[in-house]
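# An overview of the molecular structure
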Amino acid sequence: MKWSQVKYQPERTLTYLGSPSVVRLEDGALLVSHDYFGLKGCPKNHEGEESLTSIYRSEDDGETWVNITHIMNCYWSSLFIHDDAAYILGTSQQYGSIVIRRSVDGGFTWTHPADERSGMLFRGGYHHEPPNYHCAPVPIVRHEGRLYRAFEDCDPPGWGNFQAGVISAPADADLLDAANWTMSNKMPFDPAWIPSEWDPADAAAPGWREGNIVAAPDGQLWNIMTYEAGSIVKEVATRLKIEDEGKTLAFDPASGYVNFPGSKAKFTIRRDPQTGKYLSLVNNLADPDTLREMAEGDLKAQGHRGKHPMRQRNVLSLSASEDLWNWRLVKTLMRDDTGLEPAPSILLTGFQYVDWQFDGDDLIYVVRTAYRGTRNFHDSNRIIFRRLRNFRDLL
């Protein structure tokens, strides 16, 4: 596989690389961000939380990368361009406050969210006291004069207790001023919403997270979320309706599940401005029989797959939809080439948490990668950049 490496982290540091995001700047350069995680080795802030992000710039179209700065108290963040400036929007730390920063010099320097007038949008609690805001590098969407982005509140603390939410602001407002931002109601997932034919008894720690704001062809705005539930093989995303300019979020369990290959890991959905088709880069379950066999083994020995044995991230695919609701796999973009057998490959290799952008006739994308040397698929040792040329020829 051909790629350019943005960052490699030696495994002995017990520090891992997460949450990549990518944009092309107005001056033609590319900007990539990522953060760091790891219980033992990762640098932490004064609350004992992971909170560091690094910024990289490429001036040769992604062939080589230079680390130009680090940002403390910046996590799970999305890069985006708005009104000739670069912004980075996410949380202040793992389960922190919602914060935004702006750069007007190509990513070399950034504003600091010291208060509600300078980028501190919604304050989180100390350490794991609610609210505990959570997200991933998901899209910021402009729709009918407003900017929208999905977040979750992990309340009560504990993986899976994610209450879906959306924040929004007028597109012509000062984005660093918290007074211009609105937050929707927060909606927890109710396990009673799992259809009985899916065998809810297999649904350990069911829940949604990492929402994508997307406008359907009729203009209706939706929050489409990652969804997984224990050993349930079915790949479905959940869709929550956004109304009242982002003030109201609602879920109908009778119509809220969408067949979506790759729904069990973070994905990003964007609409092609030329064809009108929706695209996503996903970790589809390419080897379901192997996953079922592994689920019958010692799950404790499988680490991060223990509660969710239907996780497979060693395959990355391009998917497409004409209407946002019916998806088809178009092309396999990355698959483990190390020579490992299927089960060890699933355990050790991951091409995951992808962020991507349209770039003329191409797609550019950055991948949180666990490859050759990692202790498991989750604990990534690389951030890589790739390009898919002439992607519309595949659609």
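Criteria and cut-off values
- Residues numbered from 1 in each chain as written.
- Predicted model: local features only at pLDDT ≥ 70, side-chain atom pairs only at ≥ 80, totals over all residues.
- Heavy atoms only, no water.
- Pairing = 2+ DSSP bridges.
- Helix = DSSP H or I, 4+ residues; strand = E, 2+ residues; numbered from the N terminus.
- Axes fitted to C-alpha atoms, helices over the stretch in contact; angles between N-to-C directions.
- Disulfide = S-S within 2.5 Å.
- Buried < 20%, exposed > 50% of the residue type's maximum accessible area, 1.4 Å probe, protein only.

The four strands lie next to each other as S20-S21-S22-S23, forming an open sheet whose pairing is antiparallel. Of all the strands in the sheet, just strand S20 (269-271) and strand S23 (327-335) have a single pairing partner and so form its edges. Each neighbouring strand pair of the sheet contributes to a mean axis angle of 20°, computed without reference to strand direction. Summarising the sheet, strand S22 (residues 315-321) and S23 pair through seven bridges and their orientation is antiparallel. Following the sheet pairing, Ser-317 is matched in S23 by Thr-332.

Per the stated rule, a full pass over the model turns up zero disulfides. A disulfide-free cysteine, Cys-74 has its sulfur positioned 9.5 Å from the sulfur of Cys-135, the nearest such atom. Given the relative accessible area of 1%, Cys-135 is considered buried.

This part takes up the sheet that holds strand S2 (residues 16-24). In a beta sheet, neighbouring strands pair by backbone hydrogen bonds and run either parallel or antiparallel. One open sheet holds the four strands; their spatial order is S2-S3-S4-S5, and the pairing between them is antiparallel. The open sheet is flanked by S2 and strand S5 (66-71), the only strands paired with a single partner. Neighbour-to-neighbour, the strand axes of this sheet turn through a mean angle of 25°, independent of strand direction. Alignment of strand S3 (residues 30-37) against strand S4 (residues 53-58), held across six bridges, turns out to be antiparallel. Residue pairing for S4: Ser-33 is matched across the bridge by Ile-55.

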